[in-house]
Amino acid sequence: MNDNYTHVDTEVFYITENIMGPFEDSSEYEQLLNNFNSLLSGSCSCSGNCTQLCRCVQASGGDNYLAYLADGQKKFTLIPKSNSCPIIECNDICSCSVVCGNRVVQTGPAEGLEIRSCDKGYGLFTATFIHSGTFICEYAGELITANQATKRHENNETLGKSNYIFCLREMSNDRQPILTIVDPAVFGNIGRYINHSCEPNCIVTPVRCGSPVPKFAIFASTDIEENEELTFNYGLNDDVKQNTTDRTKCLCKSKNCSGFMPFQSY
Ligand SMILES: C[S@@+](CC[C@H](N)C(=O)[O-])C[C@H]1O[C@@H](n2cnc3c(N)ncnc32)[C@H](O)[C@@H]1O
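As the structure is a prediction and not an experimental result, all values here were calculated from the model.

Considering the environment of D119
So, point 1. Structurally, D119 is set in the loop between β6 (113-118) and β7 (121-126).
So, point 2. Sequence separation between D119 and S27 is 92 residues, and the spatial gap between their C-alpha atoms is 41 Å.
So, point 3. Once residues within four sequence positions are removed from consideration, D119 is found in contact with L251 and K253.

This is how it looks when you write it as structure tokens:
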């Protein structure tokens, strides 16, 4: 993976991909570790560039679905509206080209991202124009259990520290909820600087690259001008409403701002 970004603060450690959080003596942790160490079953036997017939592309949602679209210049973008399907990229076992169009998130973040100070602490900005659908970066950090997330969240609240924990909810084929939780507070990549907006210019979607544990992949959902701040909606997965008195004021300044930061439950 090509990722040369660094952090501005020395107490935050740069990682390019998710790592396992601290050991816990629990079945939830054991299951997470097992998944982290497993390979996703399935690979393709395509040669060269993958097409809609590729097994991995098919596993991403069927015949009429292609997660990514080549623009003819070896840049690949997410086809709009496909983010309701899980995206499965080609992996190390696949026989296709290592630069096939179904390998986007695994190649690393976009260029020209800049960490800048703003009214929300730091924020992530782009020094160059970004086309809608372009992959920005992963939201990578420590993979933690729901139990660990609750503890860390409570600790952050007690100490008045910013919360970086993000929880993604998916539904398995047999309608079982799949929860993946990442905390980039101490170990994280460039994605940890992306702030919340009620009217965001990016989306976060699960993408699997050879592992059953999804990466939280952030894509531009609109064209983004140079020097604009990159944002996504932290609350799209939220199903729990909370009393507004306990909630942090949202500083996104968008026309449709709900006034408060989304509440995350684990
Ligand atoms: C993932 S971090 C984003 C980067 C962070 N601003 C920093 O300085 O490192 C999430 C934290 O940023 C702050 N934040 C993000 N979006 C915000 C918003 N719209 N309004 C107020 N604070 C926000 C909150 O403190 C939140 O817990």
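From this point on, the discussion continues.
Thoughts on the domain arrangement of the chain
So, point 1. Split by domain assignment, the chain resolves into domain 1 (1-23 + 109-233) and domain 2 (39-103).
So, point 2. Measuring from the centre of the C-alpha atoms in domain 1 to the corresponding centre in domain 2 gives 23 Å.
So, point 3. With 13 residues of domain 1 in contact, the opposing surface of domain 2 contributes ten residues.
So, point 4. Note on domain 1 versus domain 2: buried area summed over both sides is about 1,000 Å², and carbon and sulfur give 63% of it.
So, point 5. When the buried area of domain 1 at its contact with domain 2 is split by residue, R208, G210 and F219 rank highest and sum to 40% of it.
So, point 6. Linking domain 1 with domain 2 are zero salt bridges.
So, point 7. Our enumeration of links across domain 1 and domain 2 arrives at three residue pairs in polar contact (both at pLDDT 80 or more).
So, point 8. The element contributing the most residues to the side of domain 1 that touches domain 2 is strand β14 (residues 202-208), with five residues.

Examining the UniProt feature "domain: SET" (unreviewed entry) in the chain
So, point 1. The sites that carry the UniProt feature "domain: SET" (unreviewed entry) are, in the present numbering, residues 111-235.
So, point 2. Across residues 111-235, the secondary structure splits into 11% helix and 40% strand, with the terminal C-alpha atoms separated by 27 Å.

A short note on the sheet that holds β14
So, point 1. Read across the sheet, four strands follow the order β5-β14-β15-β8 without closing on themselves; strand pairing throughout is mixed. At either margin of the open sheet sits one strand with a lone partner, and together these are β5 (87-88) and β8 (135-138).
So, point 2. Relative to strand β15 (residues 215-220), β8 runs antiparallel, the two sharing three bridges. By the bridge assignment for β15, E138 is matched with A217.

Observations regarding the packing of aromatic side chains
So, point 1. Under the criterion given, the structure shown has nine aromatic pairs.
So, point 2. Summarising the aromatic geometry, the rings of F23 and Y29 are spaced 5.5 Å apart at their centres and angled 75 degrees between planes, so their arrangement reads as edge-to-face.
So, point 3. Residue F23 is classed as exposed on the basis of its relative accessible area of 65%.
So, point 4. Seen in terms of ring centroids, F166 and F216 are 5.7 Å apart; in terms of plane orientation they differ by 70 degrees. Their pairing is edge-to-face. Placement of the pair is F166 in strand β10 (residues 166-171) and F216 in strand β15, with a sequence separation of 50 residues.
So, point 5. Taking the relative accessible area as the measure of exposure, F166 reaches 4% and is therefore buried.
So, point 6. For F216, a relative accessible area of 0% puts it in the buried group.
So, point 7. Linked through ring pairs, Y139, F166, F216, F232 and Y234 together constitute an aromatic cluster.

Reading the values: the criteria
Residues numbered from 1 in each chain as written. Predicted model: local features only at pLDDT ≥ 70, side-chain atom pairs only at ≥ 80, totals over all residues. Heavy atoms only, no water. Helix = DSSP H or I, 4+ residues; strand = E, 2+ residues; numbered from the N terminus. Contact = heavy atoms within 4.5 Å. Domains from an automatic or database assignment. Buried area = accessible area lost by both parts, 1.4 Å probe. Salt bridge = Lys/Arg side-chain N within 4 Å of Asp/Glu carboxyl O. Polar contact = N/O pair within 3.5 Å; in protein donor to acceptor, adjacent residues only side chain to side chain. UniProt positions renumbered as here; feature names shortened; annotations may be inferred. Pairing = 2+ DSSP bridges. Phe/Tyr/Trp six-rings, centres within 6.5 Å; stacked < 30°, edge-to-face > 60°. Buried < 20%, exposed > 50% of the residue type's maximum accessible area, 1.4 Å probe, protein only.

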